Amino acid sequence: MIRYFSAVIAFSILLCACAGNRRNTVAGFGPYHYSIQKKVVCSNGAVVSAHPLASEAGLQVLRKGGNAFDAAIATQLVLAVVYPEAGNLGGGGFLVASMNGGKALAIDYREKAPADAHKDLYLDANGNAITALSLNGPLAAGVPGTVAGLFQTARYGKLPFKDLIQPAIDLAEKGYTITGAEARGLNRNRESFISNNSSRPVFVRAQEWKAGDTLIQTDLANTLKRIREEGQKGFYEGQTARLIVEEMKKGKGIISYDDLRSYQAKEREIVSFPYKGYTILTMPLPASGGVLLPQMMKMIEDRNVKALGFQTAASVQLMTEIERRAYADRAKFLGDPDFNKVPVATLTSDAYIKKRMQDYDPSKAGVSTAIHAGDIPESEQTTHLSVYDKEGNAVAVTTTLNDSYGSKTVVAGAGFILNNEMDDFSVKPGVPNMYGAIGAAANAIAPGKRMLSSMTPTIVLKDNRPYIIAGTPGGTTITTSVFQTLINLLEFDMSVEDAVNKPKFHHQWLPDLIDVEAAFPQSVRDELIKMGYKIRQRGNIGRTEVIRINADGKIEAVGDSRGDDHAAGF
Ligand code: DON
């Protein structure tokens, strides 16, 4: 299989010698050389994801006549093997698609709270939050949704599922060579893997990992084979489900066989809203982007941000104040729509948006203690992939285990990592989750409820055809990163590479500060500080994967330079 991939990749290197394609970082090692390609310009189809082997697996599916749904399935399954940090079987995600007939699709395969979960699950006898339990070990895991999501997606594909899963099986069984970033990730989490597992998972070995080492995952290969043979039941019933339940019993986990057997992915009504002649499609709740993105785009629409200039203090200030207001609403109102009546229509209505910005003052910093959620009647690891095919189908998928390597608990005998998505619930009002986000009753834990997410897979249509396919990981920074990427492309007329790679910033109401990446210009920081803002420098914000389909039919796919992200196309 690896030989197959080497050949495929060597072949695509040759093919991609066409104009504009760039392979800049060679990560060749061991007997199997693959290189990372950041940009591809092509005409037949493209895949961009967090890992070269995953993007290339998706590309092979497109070449074989599969459509964007097939490619998205194969890419996700390979990510579950070669990108254990976030690619997953034990997590969940969201898919947004625009189909060539004009239909739009939103698939929710977010994890759910187990039936035995309750509001105070992570509180001690004194009512204090024990967030370690919502972050690490079996109790941190929600009922995984990914495999159900893949089978729901397969209804729109053309190729047999067994063909789509085979590259992942081969890579798990025969191994693949890891990159430097992956080696560092595994070494960094060594102690967490040891303390959160009853037996040593394959990710821990005597010596440190280094770039070029081979990672073989036999248990995971066997789980994937059960899924190949038995379909969705190969995960949610029978041996895999039993292994998950056994893992729960070894720790303090509460996912039951019944929770697994009854899990179902859901098709939801897509969020669609206009922006200056474009149509933007994004994921509805429990993905918060379905409320925050329309709010933010509507707040900025009439304010001529283009005239303020890219990343000037004035444009950053405007976007920050918009983000502050949207995130105040997130904390109060947003949660699983199957459990709460969330006033989405009001929160995204023109009248409400206008009112929200009435107290906006371009001369100084707003203050979060003075800006609350709107007054209306009460009634670092995830991964994104974007795919486009020659039939005109566009697919955007964001999927996650929540934290890097999720709960750090590997299901013994099944070889996959369980998510720690329970931390995305509000474990107690006012207690921040790992991304500093607080929540209210709308996002309190309840049996069978989906936890609120920031994931924002998004497609922009121009003249009713896919124009931009975008998304990113990054916890609460996801929605603001997608917002900035769209503004970079639609307002600042940037190249796709710049829109993806220029430094990003983020404000989420609380804490009341602007997070910036290291490359965010010092002069702009200084001006913002003078206006009264607090600035905090942090690590990378997101890894955005964008495909743009230009008027001449050329497809530009760009992987974020912040990671091993790779664009493939033909
Ligand atoms: O669904 C969410 O909002 C989070 N679980 C996403 C986590 C994430 O993006 C981590 N990546 N850096």
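Small disclaimer: the values here were computed from a predicted structure and weren't measured.

About the cut-offs
- Residues numbered from 1 in each chain as written.
- Predicted model: local features only at pLDDT ≥ 70, side-chain atom pairs only at ≥ 80, totals over all residues.
- Heavy atoms only, no water.
- Helix = DSSP H or I, 4+ residues; strand = E, 2+ residues; numbered from the N terminus.
- Contact = heavy atoms within 4.5 Å.
- Expected span 1.5 Å × (residues − 1).
- Buried < 20%, exposed > 50% of the residue type's maximum accessible area, 1.4 Å probe, protein only.
- Phe/Tyr/Trp six-rings, centres within 6.5 Å; stacked < 30°, edge-to-face > 60°.
- Lys NZ or Arg CZ within 6 Å of the ring centre and 35° of its normal.
- Salt bridge = Lys/Arg side-chain N within 4 Å of Asp/Glu carboxyl O.

Tracing the chain through its elements places Val 291 in helix H13 (residues 289-301). Put simply, Val 291 and Val 342 are 51 residues apart on the chain and 10.0 Å apart in space, counted from C-alpha to C-alpha. Once residues lying within four places of it in the same chain are set aside, the contact partners of Val 291 are Leu 285, Leu 334, Val 344, Leu 347 and Thr 348.

A separate point is helix H9 (residues 218-230). Taking 1.5 Å per residue, 13 residues should reach 18 Å; H9 reaches 18 Å between its end C-alpha atoms and fits that length. Those residues of H9 lying buried are Leu 220, Ala 221, Thr 223, Leu 224, Arg 226 and Ile 227. Packed against the buried residues of H9 are helix H3 (68-82), helix H5 (146-154), helix H6 (161-174), helix H10 (233-236) and helix H11 (238-250). Just past H9, the residue Gly 231 takes up positive phi, approximately 70°.

With that settled, the discussion passes to the packing of aromatic side chains. If you walk through the whole model with that rule in mind, you get ten aromatic pairs. With a centroid separation of 5.9 Å and 10° between ring planes, the pair formed by Tyr 236 and Tyr 263 is classed as stacked. In this pair, Tyr 236 sits in helix H10 while Tyr 263 sits in the loop between helix H12 (257-261) and strand S9 (266-268), placing the two residues 27 residues apart along the sequence. Since its relative accessible area comes to 2%, Tyr 236 is described here as buried. Taken together, a centroid distance of 5.7 Å and an interplanar angle of 75° make the contact between Phe 310 and Phe 492 edge-to-face. Residue classification places Phe 492 among the buried residues on the basis of a relative accessible area of 14%. Aromatic rings pair up to connect Phe 235, Tyr 236, Tyr 263 and Phe 416 into one cluster. Lying over the aromatic face of Trp 209, Arg 205 brings its terminal NZ or CZ to 4.1 Å of the ring centre. Directly above the aromatic system of Tyr 467 lies the positively charged group of Lys 462, at a separation of 4.5 Å from the ring centroid.

This part covers the pattern of salt bridges. Pairing is possible between side chains that carry opposite charge, provided their charged atoms lie close to one another. All chains considered together, the criterion is met by 34 salt bridges. In this structure, the salt-bridge partner of Arg 110 is Asp 424, at a minimum N-O distance of 2.8 Å. Note on accessibility: Arg 110 and Asp 424 belong to one class, buried. Here Asp 329 makes a salt bridge to Arg 356, at a shortest N to O gap of 3.3 Å. One end of the pair, Asp 329, is in helix H15 (residues 313-333); the other, Arg 356, is in helix H17 (residues 350-356), with 27 residues separating them in the sequence. One continuous salt-bridge network, built from bridges that share partners, spans Asp 108, Lys 266, Arg 268, Asp 338 and Arg 450.

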